[in-house]
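Chain and residue survey
Read off the chains here:
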Amino acid sequence: MSANQFKSPVVRWIDHRLPVFSMLHHTAHDYPTPKNLNYMWNFGSLAGLSLAIMIVTGIVLAMSYTAHVDYAFDSVERIMRDVNHGWMIRYIHMNTASFFFIVIYLHMFRGLYYGSYKAPRELLWMLGVVIFLLMMATAFMGYVLPWGQMSFWGATVITNLFSAIPYVGESIVTLLWGGFSVDNATLNRFFSLHYLMPFVIAGVVVLHIVALHRFGSNNPIGIDTKGPQDTISFHPYYTIKDVFGIAVFLLLLAMVVFFFPNAMGHPDNYIPANAMQTPAHIVPEWYFLPFYAILRAVPDKLGGVLLMFGAIAVLFILPWLDRSPVRSARFRPLFRIFFWLFFVNAIALGYLGGKPAEGIYVILSRVATAWYFLHFLAILPILSMFEITKPLPKSISEPVLKGNSKRAGPLGAGLEPAE
Amino acid sequence: MAESDTNKNPAKEDVQEPGRRDFIVVATYAMAGLGAAAVAWPLIDQLNPAADTLALANIEVDISKIAVGQSITVKWRGKPVFIRHRTADEIVRANATDLDDLRDPQIDTARAEKPEYLVLVGVCTHLGCVPLGQKTGEVRGDYDGWFCPCHGSHYDTSGRIRKGPAPTNLEVPPYNFLSDSVVRIG
């Protein structure tokens with residue numbers, strides 16, 4: 001739609017000079033989208049919504065939070081008890097963080113299954129991994145702010161990861177702390193960065209969307225769209241689909257916020273931080289557990305840290321590890337089996353990360369860690385050389401219109417003369 | 001839908017009757033609007049005073065140590081409150097003032113529960129400065145009450161505005177005497 005097609009003369013006047021309305025219209029209205037997207041394509045908009053909820057509730061919480069070791073815990077309790085609706089706003093912030101990670105993990109598994117990281121979408125995928133890293137840093141620093149026992153000891157353990165670096169490790173940790181232990185200086189810089197990072201994420205999200213719109217969304221069949229017959233406009237078809245997903249997401253979020261607000265947290269974080277006493281069993285937030293399991297699987301300090309960061313670094317080079325020209329797992333029978341093995345293995349790592357580091361759990365963690373890296377570094381490259389893939393349809397429309405007439409459903413019916 | 005409606009009203013053939021689809025669209029936007037308002041309210045209401053702030057909304061002050069002609073300033077809700085033990089002369093002058101001379105007419109007995117103790121919020125009703133006149137030696141204005149140095153408002157011995165830009169008298173906070181020596185403000 002060109003600028004002078006907007007109804008309102010005010011919008012037309014502004015758009016002629018500042019074409020933001022044309023840009024929005026182009027991005028969220030006309031944007032040609034493959035017509036066969038399934039519900040796994042809802043998690044991008046849900047991630048955007050989660051980020052928005054986090055920023056809005058976070059700005060509000062910062063109005064009543066005090067970043068000081070003597071006041072932080074009490075100021076959070078004051079938010080819970082005295083500030084109008086403070087309990088709700090904080091529970092929304094806490095639980096949306098968890099939901100954000102659920103959404104992001106599903107978004108990533110979607111990409112892994114349908115080969116969304118493959119050419120020409122490598123940068124799109126890598127920007128997504130950057131967002132994931134920034135999210136983890138933001139979530140970690142946010143968890144420190146209430147200054148409970150888990151905050152304090154989580155901060156101590158995670159910052160100590162850097163002490164594994166040879167020669168300069170200790171100096172780097174001292175630099176991160178601004179002292180000789182996690183203390184007031186640490187809390188203040190974490191608050192400052194926790195406030196900054198979401199806006200950095202929002203910036204990378206813009207790049208992520210720009211990269212997405214360069215070649216358009218991938219789709220469940222994983223072949224390129226061949227023209228207008230393969231696409232539908234984003235609005236109203238996918239806006240309404242996204243809105244439906246958002247409604248389901250908000251229902252689940254509301255259920256957790258109002259009925260199980262602390263289910264995904266740890267009770268020890270309601271004990272004020274005590275630098276003299278470590279809790280008996282310290283675990284990170286659930287979304288870090290798979291990586292925590294990898295860290296503990298290695299009986300060497302530097303090795304554990306390297307492998308943990310390597311688990312994310314390997315995602316950056318994924319587009320060059322899986323060289324199969326076929327994107328979607330639908331046409332890769334072997335890949336599909338290994339994908340689900342990887343999925344189960346990732347869940348297992350999460351489970352093991354939450355268990356004490358002793359006995360059988362350590363052995364299982366090592367097996368699962370080895371499998372995690374084998375999947376990326378051996379299985380995917382080998383599969384892309386030897387796997388015999390199923391024939392790809394000629395176009396997105398083809399399997400719907402003739403290839404699979406039983407499943408054609410309403411789209412097939414659409415070919416008949418309308419009554 | 002729309003066709004059957006227009007058939008019933010042949011005179012209005014060119015007018016599009018609202019159909020089922022219009023109703024759905026309007027209902028959807030209305031629900032979305034309600035939802036947005038319901039979400040916005042807690043985010044706005046959290047700006048209002050919190051429960052602990054409201055709990056600090058009253059204070060008790062011992063007034064037995066204030067000599068005649070002396071004033072003290074106490075803090076209530078983050079603002080100064082003037083408590084003045086007025087002299088007999090000040091009370092007489094406050095009562096003798098003709099109401100027609102006042103910008104914000106109010107009799108002195110309506111402003112002081114006990115005539116000897118005047119309790120006022122010490123914030124100029126013009127733009128919020130604290131008027132002078134509490135300490136000995138400070139300027140007290142043309143009417144021997146208080147004088148606001150910011151923009152030159154003069155208040156009399158009852159804290160009523162007499163001259164200058166302030167629109168109303170100094171506010172009298174809610175208070176009551178718990179005993180002869182203790183007043184509770186708020």
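All residue numbers refer to positions counted from 1 along the written sequence of the respective chain. Lettering for chains starts from A, numbering for ligands starts from 1, and both go in the order in which the items are written. Only residues with pLDDT of at least 70 get local features here, since the model is predicted, and only at 80 or more are side-chain atom pairs given and counted; chain-wide, interface and lining totals rely on the full set of residues. Side-chain metrics rest on all non-hydrogen atoms present in the structure, leaving aside hydrogens and water.

Turning next to the overall build of chain B. Numbering goes from the N terminus for both helices and strands, where a helix is a DSSP run of H or I of at least four residues and a strand is a run of E of at least two. Scanning chain B from N- to C-terminus turns up four helices and nine strands. Along chain B, from the amino end to the carboxyl end, the secondary structure elements read α-α-α-β-β-β-α-β-β-β-β-β-β. Each radius of gyration reported is based on C-alpha atoms, and the globular scaling rule is 2.2 Å times the count of residues to the power 0.38. Against the compact-globule benchmark of 16 Å for 186 residues, chain B has a radius of gyration of 29 Å, which places it well outside the compact range. Considered along the principal axes of its C-alpha atoms, chain B spans approximately 90 × 40 × 30 Å. Here the term buried applies to any residue with accessible area under 20% of the maximum for its type, exposed to any over 50%, and partly exposed to those in between, with areas from a 1.4 Å probe on protein chains only. With 186 residues in all, chain B has 34% of them scored as buried. Contacts are assigned to residue pairs with any non-hydrogen atoms lying within 4.5 Å of each other. Look at the contacts in chain B between residues 6 or more apart in sequence, and 53% of them connect residues 24 or more apart. Residue exposure ignores everything except the shown protein chains as possible cover, and the areas themselves are Shrake-Rupley values with a 1.4 Å probe. Of the roughly 10,900 Å² of accessible surface on chain B, 57% is carried by carbon and sulfur atoms. Here chain B carries 20 positive and 25 negative side-chain charges, and the mean point of each set is 5 Å from the other. Here the positive residues are Lys and Arg and the negative ones are Asp and Glu; neither His nor the chain ends is included. Working definition for charges: the position is that of NZ of Lys, CZ of Arg, CG of Asp or CD of Glu.

Attention now goes to the overall build of chain A. When you go through chain A residue by residue, the secondary structure sums to 17 helices and two strands. Over its C-alpha atoms chain A spans a radius of gyration of 24 Å, differing by no more than 12% from the 22 Å that the globule rule assigns to 419 residues. When the 419 residues of chain A are sorted by exposure, 47% land in the buried category. Looking at chain A alone, contacts between residues at least 24 apart form 80% of all its contacts between residues at least 6 apart. Separation between the mean location of the 28 positive side-chain charges and that of the 21 negative ones in chain A comes to 10 Å.

All names here are of chain A. Where helix α6 (residues 122–144) meets helix α7 (residues 149–160), the closest approach of the two axes is 7 Å, and the angle between their N-to-C directions is 135°. One finds that α6 runs oblique with respect to α7. Here Phe140, Tyr143 and Val144 of α6 come into contact with α7, specifically with Met150, Ser151, Gly154, Ala155 and Ile158. Class assignment of the residues belonging to the contact of α6 with α7 gives a composition of six nonpolar, two polar and no charged. Axes here mean lines fitted to C-alpha atoms, for a helix over just the part in contact, with angles spanning 0 to 180 degrees between N-to-C directions. Roughly parallel here means an angle under 35 degrees, roughly antiparallel means over 145, roughly perpendicular means 65 to 115, and every remaining angle is called oblique. Note on residue classes: Ala, Val, Leu, Ile, Met, Phe, Trp, Tyr, Cys and Pro are nonpolar, Asp, Glu, Lys and Arg are charged, and everything else, Gly too, is polar.

Once that is clear, we can look at empty space enclosed by the protein. Residue and element names in this part refer to chain A. Cavity means a closed set of points on a 1 Å grid over the protein atoms alone, one where a 1.4 Å probe fits but cannot get out, pocket means an open set with protein on both sides within 12 Å along at least 5 of 7 lines, and lining means a residue has an atom within 4 Å of a point. Grid points are joined across faces, edges and corners, and a volume is the space filled by probe spheres set on the points. Scanning the entire structure with this criterion turns up six cavities of 30 Å³ or more. Estimated volume of the largest cavity: approximately 790 Å³. Surrounding the largest cavity, 40 residues form its lining, Met54, His93, Gly142, Tyr143 and His194 being those nearest its centre. Examining the composition of the lining of the largest cavity, we find that eight residues originate from one element, helix α5 (residues 86–114), more than from any other. Of the residues in the lining of the largest cavity, the class split is 27 nonpolar, eleven polar and two charged. Estimates place the volume of the second largest cavity at around 160 Å³. As for the second largest cavity, its lining consists of 15 residues, of which Gly154, Ile158, Val283, Pro284 and Glu285 are closest to the centre. When contributions to the lining of the second largest cavity are tallied by element, the ones reaching two or more residues are α6 and α7. The greatest single-element share of the lining of the second largest cavity, amounting to six residues, is contributed by α7. Along the lines of polarity and charge, the residues of the lining of the second largest cavity split into twelve nonpolar, two polar and one charged.

Right, let's get into the packing of aromatic side chains. All names here are of chain A. Planes of paired rings set the category: under 30 degrees apart is stacked, over 60 is edge-to-face and the rest tilted, where pairs are Phe, Tyr or Trp rings (Trp by its six-membered ring) whose centres lie within 6.5 Å. Scanning the model with the defined rule gives 39 aromatic pairs over all chains in all. Centre to centre, the rings of Phe234 and Tyr238 are 6.4 Å apart; their planes meet at 40°, and the pair counts as tilted. In this pair, Phe234 and Tyr238 both sit in helix α10 (residues 234–259), four residues apart, roughly one turn of the helix. Since its relative accessible area comes to 7%, Tyr238 is described here as buried. Through a chain of ring-to-ring contacts, three or more aromatic side chains come together here, namely Trp41, Phe109, Tyr113, Tyr114, Phe339, Trp340, Phe342, Phe343, Tyr372, Phe373 and Phe376. Placement of a positive charge over a ring is assigned whenever Lys NZ or Arg CZ falls within 6 Å of the ring centre and within 35 degrees of the normal to the ring plane. One cation-aromatic arrangement involves Arg110 over Trp41; the distance from NZ or CZ to the ring centre is 4.6 Å. In this structure, Arg214 is placed above the aromatic ring of Phe215, and the distance from its NZ or CZ to the ring centre is 4.7 Å.

Residue and element names in this part refer to chain B. Along the chain, Thr97 falls in the loop between α4 (88–96) and β4 (117–121). Judged by relative accessible area, Thr97 falls into the buried class, the value being 16%. Here Arg93 takes part through its backbone oxygen, which lies 2.9 Å from a polar atom of the side chain of Thr97. Any pair of N or O atoms that falls within 3.5 Å is considered a polar contact. Within protein, one atom must be able to donate a hydrogen and the other to accept it, and sequence-neighbouring residues count only if both atoms are side-chain atoms.

As a further point, take the interface of chain A and chain B. On the side of chain B, twelve residues touch chain A, which itself brings ten residues to the contact. The junction of chain A with chain B conceals about 950 Å² of combined surface from both sides, 59% of it contributed by carbon and sulfur atoms. What counts as a salt bridge is simple: a side-chain nitrogen of Lys or Arg found within 4 Å of a carboxyl oxygen of Asp or Glu. Here chain A and chain B share one salt bridge between them. In this structure, B:Asp52 and A:Arg78 form a salt bridge, with 2.5 Å as the shortest nitrogen-oxygen distance. Two parts placed together each lose some accessible area under a 1.4 Å probe, and adding up what both lose gives the buried area.

Residues and elements named next belong to chain B. When DSSP finds at least two bridges between two strands, those strands are taken to pair. Reading across the sheet, the three strands line up as β2-β3-β4 and stay open at both edges, with antiparallel pairing between neighbours. Strands with a single pairing partner mark the edges of an open sheet, and in this sheet they are β2 (71–76) and β4. For this sheet the average axis-to-axis angle between neighbouring strands, irrespective of direction, equals 20°. Judged from the six bridges that link them, β2 and strand β3 (residues 79–85) form a sheet pairing that is antiparallel. The residue bridging Ser71 from the neighbouring strand is Arg84, located in β3.

This brings us to the side chain of B:Gln46. Among the secondary structure elements, B:Gln46 is positioned in the loop between α2 (20–45) and α3 (51–55). A polar atom in the side chain of B:Gln46 sits 3.1 Å from the backbone oxygen of B:Leu43. Residues contacting B:Gln46, with those up to four places away along its chain left out, are A:Val60, A:Met63, A:Val83, A:Asn84 and A:Ile89.

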